[in-house]
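Fold and geometry: a report
Spelled out, the chains give:
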Amino acid sequence: MKKTILYFALALLSFTNMDAQVISFSMEAEAAGKNTPEGWKEVDLPKGLPAFTEANTFYINDAQFGASTSSADNTKAIQAALDKAAAAGGGMVVIPAGQWLSNTIQVGSKTVLHLCAGAQLTWLSYDNRSRTEGNNFIINKGTPTDVVIEGEGPTSIIEGQGGPWWANYKADGVKRGGIIRFGKGNRFLFRNFRIQNAPGTNLTVGQSGNGAHATVHDIEIYAPDSEASVPSHNTDGIPIWTQYVNIYNCMIDTGDDNVVTDTNAQYVHVWNCDFRHGHGASLGSYTSNMHHIIYEDLTFDGTGCGFRLKSNTDRSGDVHDIIFRNCTMNNVATPIQITAWYDKVPDKPETAEASPEAVKSTTPVYHNILIQNVTATGYNSKNSNDKNYNGIMIYGRPESYVYDVTFDNVKISHRNGVRLFFCRDIKFINGCTFTKTRTNTEVKATDADLSPVMENSYKADYTWNQATGITTAATTQPANGRRYDLQGISTGRQLAGIYIHNGKKTIIK
């Protein structure tokens, strides 16, 4: 009863001129929370924001704007308030408690968009929007700098009304937009609100390497699981397409990647987040110009994947300096997956080897990857195709091996074991353990041997807890006259160096 009275009182405020009330605003905690990894440039926070007073605090339901909870469309009113804030050299636009319907709005420089407790900013419904517009809901106006979108906690909600879009996502001409995307500009802060039921992506950071220097924290994201009776589709929680991004203290429960870095993602740090349904902490499938990414101190409960690096030969490049550490997984279908065959996994690695592709600028080259202090337990579900659900899978390409991947103190218990294809310099160190639970009796890797839990391997060179494992790259190379470098790439004209020829190491001086 008390909660009902409080919410009713807040809702009444939405019909009242609130210009006299200034919202408290501070950036002090943001600087202390940066957590910049050693050697990285700090993520820049919004700066130069004005002091917020009655003169530059704009409530959307003020008479000069005219937004109303009874209106079927408040787009013009909200946009007018945002434009006035920008024209004032910066200001705060306030969304009071209550539900406010709107279509796409654009936010300019030095603007704070503030959602009060009990406020729900709702995107117009499927029936009231163009099926082909594909626009996002909250976007940049021009090339803005120093923008803040904030709430007062999980009752400050941005609602996407995504259900009909998910149901019709395969229909011709239907384009689903995302909730928030700032593709241009610099210095963005998103904090303390909830996004739910996005038609497409939720909070996309950047575009084509632009829209850099973003901080996201204390955000809740929800959309139905992709396995739900009414699933959401491609509802990535936080996709990143730019440089210098901090994400922390978020809870993400969605139908696709929880957080995902894509092309041009660099110096991205994600920590202290709770991932529930979704596809995990992902990289790709677009992985061109991607490096220096850290996922750490995360919990996963029921996600499809844990750490997942995925791409293909039409959309990748050199991917390196990736860290995934200090994470706990429960009931995760595929804890660790590194694949250069996104959506096109060969039935047999021998088939792939028979037809290697020419190496080009978009060929996946994955290396310098650290997976450290990770525990995964609790997954024992039978699937129609168990080979796609593994405790660990690394699947490089015959023309481009995955290399220099270190598993440090990684402990996995999973229905299925390990699959390694076209990879080298894979190191398991500092007491890694693996228990396969598919059979009635647990099968464990011993301190010196990973082979009891190896489902399949091909052209895989690894060491297990400092003991040498199967080294097929040097012993099973086909006797076809070709020479391969130590990355496993078939070479034509050889310069001086060490090569594999007819299964043996050869030196060209």
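Since this is a predicted model, take the numbers as computed values, not measurements.

Comments concerning the overall build of the chain
Of regular secondary structure, the chain possesses five helices and 37 strands. Burial status across the chain gives 57% buried among its 509 residues. A fraction of 70% describes how many contacts in the chain between residues 6 or more apart in sequence connect residues 24 or more apart. For the chain, the exposed area adds up to about 20,400 Å²; of that, 48% sits on carbon and sulfur atoms.

Notes on the state of the cysteines
By the definition in use, this model includes zero disulfides. Between C273, a free cysteine, and C250, which holds the nearest cysteine sulfur, the sulfur-to-sulfur gap is 4.6 Å.

Observations concerning the confidence of the model for the chain
For the chain, the average pLDDT comes to 89, and 87% of its residues sit at 70 or higher. With pLDDT under 50 throughout, residues 467-482 is counted as low confidence; its partners more than four residues away or in other chains account for 44 contacts. Confidence drops under a pLDDT of 50 for residues 486-494, and excluding neighbours within four residues, the segment shows 27 contacts in the predicted structure.

Concerning helix α3 (residues 75-87)
The end-to-end C-alpha distance of α3 is 18 Å, a good match for the 18 Å that 13 residues give at a rise of 1.5 Å each. Along α3, the residues that are buried comprise T75, A77, I78, Q79, A81, L82 and A85. Residues of α3 that are buried in the fold lie against β1 (57-59), β2 (91-95), β3 (98-102), β4 (105-107), β5 (111-115) and β6 (119-123). Positive phi appears at G89, one or two residues downstream of α3, with a value of about 85°.

Regarding the pairing of strand β27 (residues 392-395)
Burial along β27 is two-sided: the residues I392 and I394 and M393 and Y395 are all buried. Relative to strand β29 (residues 418-429), β27 runs parallel, the two being bridged by four bridges. Its bridge partner lying in β29, M393 is registered against R419.

Quick word on the pairing of strand β25 (residues 334-339)
A large share of β25 lies buried, amounting to six of its six residues. Bridge count between strand β23 (residues 305-310) and β25: five bridges; the pairing is parallel. In the sheet register, C305 faces β25, and the bridge partner there is T334. Bridge count between β25 and β27: four bridges; the pairing is parallel. Paired with I336 across the bridge in β27 is I392.

Details of the nonpolar core
Ranked by size, the top nonpolar core spans 102 residues in total, and within it I138, I180, I247, L298, F324, I371 and F407 carry the most contacts. It is β29 that provides the largest number of residues to this core, a total of seven residues. In contact with I180, not counting residues within four places along its chain, are I138, I149, I158, F190, F193, I195, N202, L203 and T204. Of all hydrophobic cores here, the second largest spans twelve residues; its members include M27, L45, M92 and V148.

Some points on the environment of F421
Structurally, F421 can be placed in strand β29. The class for F421 is buried, based on a relative accessible area of 3%. Counting along the chain gives 23 residues from F421 to P398, while the straight-line C-alpha distance between them is 8.8 Å. Residues within four places of F421 in sequence aside, it is in contact with P349, I394, Y395, G396, N456, S457, Y458 and K459.

About the thresholds
- Residues numbered from 1 in each chain as written.
- Predicted model: local features only at pLDDT ≥ 70, side-chain atom pairs only at ≥ 80, totals over all residues.
- Heavy atoms only, no water.
- Helix = DSSP H or I, 4+ residues; strand = E, 2+ residues; numbered from the N terminus.
- Buried < 20%, exposed > 50% of the residue type's maximum accessible area, 1.4 Å probe, protein only.
- Contact = heavy atoms within 4.5 Å.
- Areas by Shrake-Rupley, 256 points an atom, 1.4 Å probe, with all protein chains shown as cover.
- Disulfide = S-S within 2.5 Å.
- pLDDT = per-residue confidence, 0-100.
- Expected span 1.5 Å × (residues − 1).
- Pairing = 2+ DSSP bridges.
- Core = buried A, V, L, I, M, F, W, Y, C linked by side-chain atoms within 4.5 Å.

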